[in-house]
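Here is what each chain is made of, one letter per residue.
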Amino acid sequence: MAPRRDELDARRLVGAPAMNARLRFGAVVMALVVAAGAAHALRTGPPRTERIDMVVIHSTGGPTCDLRTGLPIWVGAGTLEDNLRQIEAHPTLGIHHMIDRDGTARASVPEDQLAHHVFRYSGRSIAIELVNDGDGIDPFPAAQLDALVALLREIRQRHGLARDGVRRHSDLDAGSMACDRSRRRKVDPGTAYPHETILDRAFRSP
Ligand SMILES: [Zn+2]
């Protein structure tokens, strides 16, 4: 089954406090109604059947189709707590780690269990979400990137990860938005994320 990241992104519209300033397409839409999902936290996933050889970097913010207007909008980063609560309540989607702007790292689904976070590659990968608008403008603070490097080094030790196994969500999903075929649906973590620098640091010999 293809994970529906758009569905997740739409859920993030609810309670995203700083989103108004971040909307990129001119439509300010707060009247989104999201059907209540499972009330329990999704902290477990199905067992893995594939070897882990990939980490996928995401940002919590990004483009989505507004359910009310059918127009593309940009959803801001939101808070770590809100994002974790929403994804853990989601019946099908999940992530393994989320890192806040101040470097606080929180685990969600255990790494030895599968979380649906990217089309086609979830079975072999670990998901790391960075709290960020994902728009190429919102900066990634040093504390957040330091925590990401530390986590990647740990994952590298646990799973024998190779440098080219660390991918951005935008590297893996080139699909277009259902509501605007001229726009990519996944551009996270965005151009403000210093991918090569992170790889250099994470794969430098100790
Ligand atoms: Zn993503």
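### Comments concerning the overall build of the protein chain
Secondary structure assignment for the protein chain yields five helices and nine strands. Along the protein chain, from the amino end to the carboxyl end, the secondary structure elements read α-β-β-β-α-β-β-β-α-β-α-β-β-α. For the protein chain, the proportion of its 206 residues judged to be buried stands at 38%. Put simply, of all contacts in the protein chain between residues at least 6 apart along the chain, 74% involve residues at least 24 apart.

### Quick word on the sheet that holds strand S1 (residues 54-59)
Spatial ordering of the open sheet is given by S5-S4-S6-S1-S7, a layout of five strands whose pairing is mixed. With one partner strand each, in any of the chains shown, strand S5 (105-107) and strand S7 (166-168) form the two edges of the open sheet. Ignoring strand direction, the axes of neighbouring strands in this sheet form an average angle of 25°. Across three bridges, strand S4 (residues 97-99) lies against strand S6 (residues 125-130) in parallel orientation. When the bridges of S6 are listed, Met 98 appears paired with Glu 129. Where helix H2 (residues 80-89) meets the sheet, its contacts fall on S4, S5 and S6, and the angle it forms with S4 comes to roughly 160°.

### Section: the nonpolar core
Among soluble globular proteins, nonpolar side chains are generally buried collectively. In this structure, Val 55, Ile 57, Ile 99, Ile 128 and Leu 130 are the most contacted members of the largest nonpolar core, which totals 31 residues. Broken down by secondary-structure element, the contributors of at least two residues to this core are S1, H2, S4, S6 and helix H3 (142-159). Residues within four places of Ile 99 in sequence aside, it is in contact with Ala 105, Ile 128, Leu 130, Val 131, Gln 144, Ala 147 and Leu 148.

### Description of the pairing of S6
For S6, a buried count of six out of six residues is recorded, marking the element as mostly surrounded by other parts of the structure. Here S6 shows no split at all, with Ser 125, Ala 127 and Glu 129 on one side and Ile 126, Ile 128 and Leu 130 on the other all buried.

### Considerations on H2
Those residues of H2 that fall on the buried side of the exposure criterion are Leu 80, Asn 83, Leu 84, Gln 86 and Ile 87. Around the axis of H2, the buried residues are gathered within 165° of arc, so they sit on the same side.

### Side note on the packing of H3 against helix H5 (residues 195-202)
Each pair of packed helices can be summarised by the angle the axes make with each other and by the distance between the axes. Contact geometry for H3 and H5: axes closest at 9 Å, N-to-C directions at 50°. Overall, the two elements H3 and H5 adopt an arrangement that is oblique. In this structure, H3 meets H5 at a crossing whose hand is right-handed. Along the contact surface, H3 presents Leu 145, Leu 148, Val 149, Leu 152, Arg 153 and Arg 156, while H5 presents Ile 198, Arg 201 and Ala 202. In terms of residue class, the contact of H3 with H5 is built from six nonpolar, no polar and three charged.

### Points about the pairing of strand S3 (residues 72-75)
Because side chains alternate across S3, one face comprises the buried residues Ile 73 and Val 75, and the other comprises Pro 72 and Trp 74, none of which is buried. Two strands pair when backbone bridges link them, and strand S2 (residues 62-65) and S3 are joined in this way by four bridges, in the antiparallel orientation. Bridged to Cys 65 within S3 is Pro 72. Counting the residues in the hairpin turn of S2 and S3 gives six residues, including Gly 70, whose phi is positive at 75°.

Here is what the cut-offs are and how they apply
Residues numbered from 1 in each chain as written. Predicted model: local features only at pLDDT ≥ 70, side-chain atom pairs only at ≥ 80, totals over all residues. Helix = DSSP H or I, 4+ residues; strand = E, 2+ residues; numbered from the N terminus. Buried ≥ 20, exposed ≤ 12 C-beta atoms within 10 Å, placed from the backbone. Contact = placed C-beta atoms within 7 Å. Pairing = 2+ DSSP bridges. Axes fitted to C-alpha atoms, helices over the stretch in contact; angles between N-to-C directions. Core = buried A, V, L, I, M, F, W, Y, C linked by C-beta atoms within 7 Å. Arc of directions from axis to C-beta. Parallel < 35°, antiparallel > 145°, perpendicular 65-115°, else oblique. Left-handed = near helix turned anticlockwise from the far one by under 90°. Nonpolar A, V, L, I, M, F, W, Y, C, P; charged D, E, K, R; others polar.

Honestly, that's just the spatial picture; any functional story needs more than this.
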